[in-house]
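# Chains, contacts and geometry: an overview
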Amino acid sequence: MIGCFGRRYDMLDNIHFVLLVSRQGKVRLTKWYSPYAQKERSKVIRELSGVILNRGPKLCNFVEWRGYKVVYKRYASLYFCMCIDQEDNELEVLEIIHHYVEILDRYFGSVCELDLIFNFHKAYYILDELLIAGELQESSKKTVARIISAQDQLVEVAKEEASSISNIIAQATK
Amino acid sequence: MNPFSSGTRLSDMIRAIRASKTAAEERAVVRKECAAIRASINENDQDYRHRDLAKLMFIHMLGYPTHFGQMECLKLIASPGFPEKRIGYLGLMLLLDERQEVLMLVTNSLKQDLNHTNQYIVGLALCALGNICSAEMARDLAPEVERLLQFRDPNIRKKAALCAIRIIRKVPDLSENFINPGAALLKEKHHGVLITGVHLCTEICNVSSEALEYFRKKCTEGLVKTLRDIANSPYSPEYDVAGIMDPFLHIRLLRLLRVLGQGDADASDCMNDILAQVASKTESNKNAGNAILYECVQTIMSIEENGGLRVLAINILGKFLSNRDNNIRYVALNMLMRALTVDSQAVQRHRATILECVKDSDASIQKRALELIYLLVNENNVKPLAKELIEYLEVSEQDFKGDLAAKICSIVEKFAPEKIWYIDQMLKVLSEAGTYVKEDVWHALIVVITNAPHLHGYTVRALYRALHTSCEQESLVRVAVWCIGEYADLLVNNSGMLDLEDPITVTESDAVDVIETAIKHHTSDVTTKAMALIALLKISSRFPSCSERVKSIIGQNKGSFVLELQQRSMEFSSVIQKHQNIRSTLLERMPVLDEATFSGRRAGSLPASVSTSGKSPLSIPNGVAKAAAAPLVDLLDLSSDDTPAPTSSGDNFLQDLLGVDITQPSAQPVSGMQPSQAGADILLDLLSIGTPSPVQNGSTNGDLLSMQDNNAPIASMDTISSTSPTAPSSMMDLLDGFGSTPPKNEDKSPAYPSIVAFESSSLKIEFIFTKKPENPQTTDIVGNFTNLSPNVYTDFLFQAAVPKFLQLHLDPASSNSLPANGSIKQTMRVTNSQQGKKPIVMRMRVGYKINGKDVLEEGQINNFPRGL
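Being a predicted model, the structure only gives us computed values, none of them experimental.

### Regarding the overall build of chain A
- Along its length, chain A carries five helices and seven strands.
- Counting the 174 residues in chain A, one finds 57% classified as buried.
- By sequence separation, contacts in chain A at least 24 residues apart represent 47% of the contacts at least 6 residues apart.
- Counting every atom, chain A has about 7300 Å² of accessible surface; 55% of that belongs to carbon and sulfur.

### Observations regarding the overall build of chain B
- Within chain B one finds 40 helices and ten strands.
- In chain B, which comprises 868 residues, the share counted as buried stands at 55%.
- Across chain B, the fraction of contacts at a sequence separation of at least 24, relative to all contacts at a separation of at least 6, is 68%.
- Summed over its atoms, the accessible surface of chain B is roughly 36900 Å², and 52% of this surface lies on carbon and sulfur atoms.

### Some thoughts on the interface of chain B and chain A
- Across the contact, 83 residues belong to chain B and 71 residues belong to chain A.
- Summed over both sides, the interface between chain B and chain A buries roughly 6900 Å², with carbon and sulfur atoms accounting for 55% of that surface.
- Three residues, Met61, Arg86 and Phe248 of chain B, lead the burial of chain B against chain A; their summed loss comes to 11% of the area buried on that side.
- Between Asp152 of chain A and Arg86 of chain B there is a salt bridge, with its nearest N and O atoms 2.9 Å apart.
- Run the count over chain B and chain A and you get 29 residue pairs in polar contact (both at pLDDT 80 or more).
- Residues of the side of chain B that touches chain A, tallied by class, amount to 36 nonpolar, 23 polar and 24 charged.

### Side note on the pattern of salt bridges
- Per the counting criterion, the structure on display carries 46 salt bridges over all chains.
- A single salt-bridge network, built from bridges that share partners, covers Glu92 of chain A together with Arg252, Arg255, Arg258 and Glu295 of chain B.

### A closer look at the packing of aromatic side chains
- Applying the stated criterion to the full structure yields 22 aromatic pairs over all chains.
- Here Phe767 of chain B and Phe769 of chain B contribute two aromatic rings whose centre-to-centre distance is 6.5 Å and whose plane-to-plane angle is 85 degrees, an arrangement assigned as edge-to-face.
- According to the relative accessible area criterion, Phe769 of chain B is buried, its value standing at 2%.
- An aromatic cluster is defined as three or more aromatic residues linked by ring pairs; in this entry it consists of Phe17, Trp32, Tyr36, Trp65 and Tyr68 of chain A.
- If you follow Arg38 of chain B out to its NZ or CZ, it ends over the ring of Phe68 of chain B, 4.1 Å from the centre.
- A cation sits over an aromatic face here: Lys407 of chain B above Tyr374 of chain B, 5.0 Å from the ring centre.

### Brief notes about the pairing of strand S10 (residues 853-861) of chain B
All names here are of chain B.
- In terms of strand pairing, strand S9 (residues 842-850) meets S10 through nine bridges, oriented antiparallel. Bridge pairing in S10 links Gly847 to Leu856.
- Here S9 folds back onto S10, and the loop between the two strands holds two residues, one of which, Asn851, carries a positive phi near 50 degrees.

### Examining the nonpolar core
- Core analysis: the largest hydrophobic core is formed by 279 residues, its most contacted members being Phe80, Tyr100 and Leu131 of chain A together with Leu92, Phe215, Ile354 and Ile484 of chain B.
- Among the elements that take part in this core, helix H26 (residues 474-493) of chain B stands out by supplying twelve residues, more than any other.
- Leaving out residues up to four positions away in the same chain, Leu92 of chain B has contacts with Cys73, Leu74, Ile77, Leu103, Val106, Ala128 and Ile132 of chain B.
- Counting 31 residues, the second largest nonpolar core, distinct from the first, contains Phe798, Leu818, Val830 and Val846 of chain B.

### A short note on the packing of helix H13 (residues 247-261) of chain B against helix H14 (residues 265-281) of chain B
Residues and elements named next belong to chain B.
- Between H13 and H14, the shortest axis-to-axis distance is 10 Å and the interhelical angle comes to 150 degrees. Relative to H14, the element H13 is oriented roughly antiparallel. Here the hand of the crossing between H13 and H14 comes out left-handed. Taken together, the residues of H14 that come into contact with H13 (itself represented by Leu254, Leu257, Leu260 and Gly261) are Ala267, Ser268, Met271, Leu275 and Val278.
- Of the residues contributing to the contact of H13 with H14, the split by class is seven nonpolar, two polar and no charged.

### Some words on the confidence of the model for chain A
- Looking at chain A as a whole, its pLDDT mean stands at 86, while 92% of the residues score no less than 70.
- Under a pLDDT of 50 for its full length, residues 1-12 of chain A has, in the predicted model, 33 contacts with residues more than four places off or in other chains.

### Considering the packing of helix H2 (residues 90-108) of chain A against H13 of chain B
- Viewed as axis vectors pointing N to C, H2 of chain A and H13 of chain B meet at an angle of 150 degrees, and their least axial separation amounts to 11 Å. Here H2 of chain A and H13 of chain B pass one another in a crossing that is left-handed. On H13 of chain B, the residues touching Glu92, Glu95, Ile96 and His99 of chain A of H2 of chain A are Phe248, Ile251, Arg252 and Arg255 of chain B.
- Class assignment of the residues belonging to the contact of H2 of chain A with H13 of chain B gives a composition of three nonpolar, one polar and four charged.

### Some points on the sheet that holds strand S3 (residues 755-759) of chain B
Residue and element names in this part refer to chain B.
- With antiparallel pairing, five strands are arranged side by side in an open sheet as S3-S4-S5-S8-S7. The sheet is open, and its two borders are formed by S3 and strand S7 (806-810), each paired with just one other strand. Each strand axis lies, on average, 25 degrees off the axis of its neighbour in the sheet, ignoring direction.

Rules of the game
- Residues numbered from 1 in each chain as written.
- Chains lettered and ligands numbered in written order.
- Predicted model: local features only at pLDDT ≥ 70, side-chain atom pairs only at ≥ 80, totals over all residues.
- Heavy atoms only, no water.
- Helix = DSSP H or I, 4+ residues; strand = E, 2+ residues; numbered from the N terminus.
- Buried < 20%, exposed > 50% of the residue type's maximum accessible area, 1.4 Å probe, protein only.
- Contact = heavy atoms within 4.5 Å.
- Areas by Shrake-Rupley, 256 points an atom, 1.4 Å probe, with all protein chains shown as cover.
- Buried area = accessible area lost by both parts, 1.4 Å probe.
- Salt bridge = Lys/Arg side-chain N within 4 Å of Asp/Glu carboxyl O.
- Polar contact = N/O pair within 3.5 Å; in protein donor to acceptor, adjacent residues only side chain to side chain.
- Nonpolar A, V, L, I, M, F, W, Y, C, P; charged D, E, K, R; others polar.
- Phe/Tyr/Trp six-rings, centres within 6.5 Å; stacked < 30°, edge-to-face > 60°.
- Lys NZ or Arg CZ within 6 Å of the ring centre and 35° of its normal.
- Pairing = 2+ DSSP bridges.
- Core = buried A, V, L, I, M, F, W, Y, C linked by side-chain atoms within 4.5 Å.
- Axes fitted to C-alpha atoms, helices over the stretch in contact; angles between N-to-C directions.
- Parallel < 35°, antiparallel > 145°, perpendicular 65-115°, else oblique.
- Left-handed = near helix turned anticlockwise from the far one by under 90°.
- pLDDT = per-residue confidence, 0-100.

See below:
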């Protein structure tokens, strides 16, 4: 049987992009897994935030847009959006969004929008431990947290080394 | 140190940007920061490179250009420390995409980092590669990724697996290299590796059928076991989502099983039990469980048929559909759409619920449901469904009306059991959402209306009523205006009443009223107004009593700024005022429009050629139909007072004129033309020099058989009529007394011999040519029609058609009756835009009555002298 079920395998079924937008329409994070030119990106963001921010509260979390589907969920003042193909499992993507939010929450300790503004790079690092090529790489929140903290550790060590070296240099050149 | 870069830290910049009250302020801050970052880049300042890039990423996110920072990413990636690399790779992924040339420069750094001793650095490189890798990079770095699939740390293996997916998507040929390492990942226990490994195998199966076979044979059982273990495993907090063990892994396993089971009975058999278990045991009160069920249903529907499982799956969808959660209903609709090809009966059972979803307040659900309903409509249920949808059209939101109206029209058109029902439904849609209806839809409606003569009266009256309630619906107004113009008489005298109709009393001036309203309504655009003008003109002929009023309404547009309206107004006024005698003929009802042609044109495919079987007389390709327009006008020009209406001979009038009537060529035994050619291309026929006209004098037969030789007949004509220069004038003498000035050869202009254009046993037509030297393209022709019989011809009418490069103007004939052995004349003017290149050709038809009996004679004239 090759019906329309067979069709999905001809296309790349992945998350095309991830978008975090505040209720005011400010972009807080964008991650593009499919190629979009810079101009295209701003257009997409403008278009989508217009659609999503205007949707009422009790409606479903899916928007059909340019032949794709955008799964979005609002957490406090932030909308988390992921764009997928028509044939993908929207419910699973909702779970992925929630998964990400939980990891952020654990990392920042009840995360708020300000955390994501001032530590936007951390939000990206966490996302990179969760998704690669628009595909989920880890279903354990604990594992993600462990890898992130190990890497943060590496950065701390490097910083300390750097400052101790500069101390040594400073002392030596006194 | 640089005076600019000394200051702000990342958080200071963010604060400054956030503190900006206006966009201009924000731009100023960003501009200042960018200047500082550029300066720092120019100084090659190592200490701040890290911070600068972080700032740039933030600025980039706000939508400002940051291309100047791209090289900084590369420098950071090339530096030895982990913190620099980490931010460098992040910048690379954020500021660049795979299409940028700069990316090629990073391949080498990536290769080094993929071989780095620090596993976190390897992880960074894999992540970057997986997110932005291009086809070239995929080829260069595939071996590294392949090796990393066996790396000791599982976190690297899972990243490598996703990288491999990206590589395969970019270069499918590389999938071979990943079959074995991919299969090895399926035996892993680590969930991350298992999830990515399963995904990798799915991806490989999609691009390579050999790999699919391999996995089907080797891995199906193992995967079924893995899924069973996961489904039955005890609570584990690490992977638990709302009481369900790792839904993500569940879903990916189900997806791979779907690929393996599709089209393979054995593999499908193997997974039946576990699918049944997942479908029946999974908790459906939380999203995670529903996500699994959704995936499971898809798999059941895709793999080889198993009756019991299908029922289970359809039941799950039924439950989904009645769920209160909008998300669940949405996916149910989505899934039912796909299930339609598998089991449409089962989907039909949910029709009522789906119909309810069309009326949901959620646009996403509405859209899905409408598309599903559209697919569910068939001949049996079209009436109730269309009724429901049209009722909903009345209350639906503006945004949705367009989609809904389009779908209803399409359904109604496709499945209408009878014309009256179709017309009724269309009128309802037009009254509710006429503004949203596309042009081709209401064109189609008009075509159907013209093809249903018994409904003309009914339709025009229904439209008249509708117009009073919905005069702002553009396309309703257009259809109504058109129909009232055509069938005004039926509107007023209530003719063709159907039993179901309520009689209405419409006076002639009421009919004019509605058109007047349409023309003056503020929502009417140029097209509507133009249509209304035509309708008025037509009414003026149907109801002579309203003529004066119509004239004044039409006259109001004489000053219109729109050329189209102004011109119509001027011309129509003059038709009403000065051409009373031809008006009724000119404004005859439109011939029936052909449905087949219209639908063909709508589908974008024109009939390639006119079918020689001549079954559907009106299927003329576009171009020819246009060519016909000009002769039609000419022909109408000449019809004087009481000539028989040209349209009375029916809709094949034009064809006949154009020679589509294919019996004609085959009826000429002399003809060397192949009938099919003559039938297939009218223009070709018209232009094919040397094709004998059917009634050409028999003496030229020999010459005519040599098709190319068009000199012969003309040469023979020369000898007949124009060797003596006095011939034309002498002929004119014979014809004298009919009041037209005989053409005189002027000194400078070349003289052209007159010809016998047509001769039969009863009629002879001669053409005499004159040309004015200042206008060489134009030829004045005087046609002499001589009655060779002892009978009187009445209602005599000469019609002619010419190909596109010619323009023909016919003056009225000197009389429309030919006494026995008498003659009449008619002048015409032909303008040849290809003068000197192409000779004049003409197709003609003569109609007259002998003792009230119609006689038709026709032929093709291609013995015009050269150079005309």
